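Coordinate inspection notes
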Amino acid sequence: MSDEEKISFTQAYGRALHDAMAADPSVILLGEDIADEEGGGVFKVTGGLSTKFGRDRVRTTPISEQAIVGAAIGASLAGMRPVAEIMLMNFITVAMDQIVNHAAKLRFMSGGQTSVPITIRTRTGAGMGAGGQHSDMLEAWFAHVAGIKVVVPSSPADAVGLLTSCIFDDDPCLFIEDALTRAVTGPAPPPGHRIPLGKANVLRTGSDVSVISYGRPIQDVVPMAERLAQEGISVEIVDLRTVSPLDTETVLQSVAKTGRAVVAHEAPRSFGVGAEVVARIQEHLLGDLKSPVLRVASRDVAVPFSRLLEQEFLYQPSAIESAIRQTLEWRKPR
């Protein structure tokens, strides 16, 4: 594979699924319209897989999220590694009982004798005018549940490595794909690429302020940091990659070095992942901080259908930059 090869997020997801199925016959796919006869998935991630691996392993399901996740859990208990596609994240709410009360808890309820190695792929993200029932980032809901890992990639290479690790993890994983960046391209990873779950990535080292984020906002922060560097502002970027379990050690190491932090995410501000990150920083590093830790997030309202209002709902890259500058300008009151 050439180092110059570029792949999109959509190609990355498909590559991870293909390679996992080729490597392990216990990997199966379940979801609506995912077989080639039905178009290879609404988002074209699974195109070609049913033709190569057969419909026994790539199963188009009825439109029933409860049935998809329930069947995946049952198959996992019988020795399979199912990947269940829930078309959009809002639709996961229909299967909350199966995910929260069964998939996440069976290891505990069985005294560690039963694992549930399922991966739930789902897509979401505001900015397309798709309305409030198709656009929510609900990662904080699941991060609050013990027993399930929550993963959000920020590049195509990470998408391959993280999704592969999810598929071969022995516990349930929720893998969240961003709807708006599906055509964005990046360098392809080498064959067999895996990224450990629960480990953040320091994308860029810096000395003045740490920006901690995951998923789509990382796409905004990287060029921002490069531009601010021309002004002499050194930004360190920490990509969480895995929301739960949270890599607290890497976050604290970064903020201990810079003394300042901004946490950014697409989900609404209140009760979000950012609040947890800020709390951990304050608990461990309060005496070392040079300014308050700031959050940038979307508004605490339902995602509007109007494109104009939707942009007002969403976090703004300019707000992340303003927060960075605010941490640098803060002076302790006398």
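Refer to the structure printed above.
Throughout what follows, the structure given in this document is the object of discussion.

Parameters and conventions
- Residues numbered from 1 in each chain as written.
- Predicted model: local features only at pLDDT ≥ 70, side-chain atom pairs only at ≥ 80, totals over all residues.
- Heavy atoms only, no water.
- Helix = DSSP H or I, 4+ residues; strand = E, 2+ residues; numbered from the N terminus.
- Buried < 20%, exposed > 50% of the residue type's maximum accessible area, 1.4 Å probe, protein only.
- Core = buried A, V, L, I, M, F, W, Y, C linked by side-chain atoms within 4.5 Å.
- Contact = heavy atoms within 4.5 Å.
- Pairing = 2+ DSSP bridges.
- Right-handed = clockwise from strand over helix to strand, strands pointing away.
- 1 Å grid on protein atoms, 1.4 Å probe; cavity = no way out; pocket = protein on both sides within 12 Å on 5 of 7 lines; lining within 4 Å.
- Points joined across faces, edges and corners; volume = space filled by probe spheres on them.

1. Looking at unusual backbone geometry
The omega torsion across S244 and P245 is 5°, close enough to zero to call that bond cis. For P245, the location among the structural elements is in the loop between β12 (242-244) and α9 (248-258). Positive phi, close to 65°, is recorded for F271, a residue that is not glycine. Within the secondary structure, F271 sits in the loop between β13 (261-268) and α10 (273-285). Overall, the relative accessible area of 80% leaves F271 in the exposed class.

2. Examining the nonpolar core
Of all hydrophobic cores here, the largest spans 46 residues; its most connected members are L174, I212, V277 and I281. Counting only elements with at least two residues in this core, the list comes to α3 (65-77), β4 (81-88), α4 (96-103), β7 (173-178), α9, β13 and α10. Here this core gets 5 residues from one element, more than from any other, and that element is α10. In contact with I212, other than residues within four places in its own chain, are V238, L240, V251, V255, A261, V262, V263, A264, V277 and I281. Ranked by size, the runner-up nonpolar core spans 29 residues in total, among them A20, L29, L49 and A188.

3. Overview of the pairing of β13
Where burial is concerned, most of β13 is hidden: 7 out of the 8 residues are buried. Bridge count between strand β10 (residues 209-213) and β13: 3 bridges; the pairing is parallel. Counterpart to V211 in the pairing with β13 is V262. Pairing geometry for β13 and strand β14 (residues 294-298), over 4 bridges, is parallel. Bridged to P268 within β14 is S298. For the segment spanning β13, α10 and β14, crossover handedness is right-handed.

4. Some remarks on empty space enclosed by the protein
If you walk through the whole model with that rule in mind, you get 3 cavities of 30 Å³ or more. Along the walls of the largest cavity sit 16 residues, with M137, V152, D178, G215 and R216 positioned nearest its centre. Among the secondary structure elements, those contributing two or more residues to the lining of the largest cavity are β7, α8 (217-229) and β13. With 3 residues, the top contributor of residues to the lining of the largest cavity is β7. Here the second largest cavity defines a volume of roughly 40 Å³. For the second largest cavity, the full set of lining residues is A126, S135, D136, M137, E266, A267, P268, V303 and F313. By residue number, the principal contributor to the lining of the second largest cavity is β13, which donates 3 residues.

5. Here we look at the side chain of T122
Along the polypeptide, T122 turns up in strand β5 (residues 119-124). For T122, the residues in contact, after removing those within four places along its chain, are I86, M87, L88, M89, I92, L174, F175, I176 and E177.

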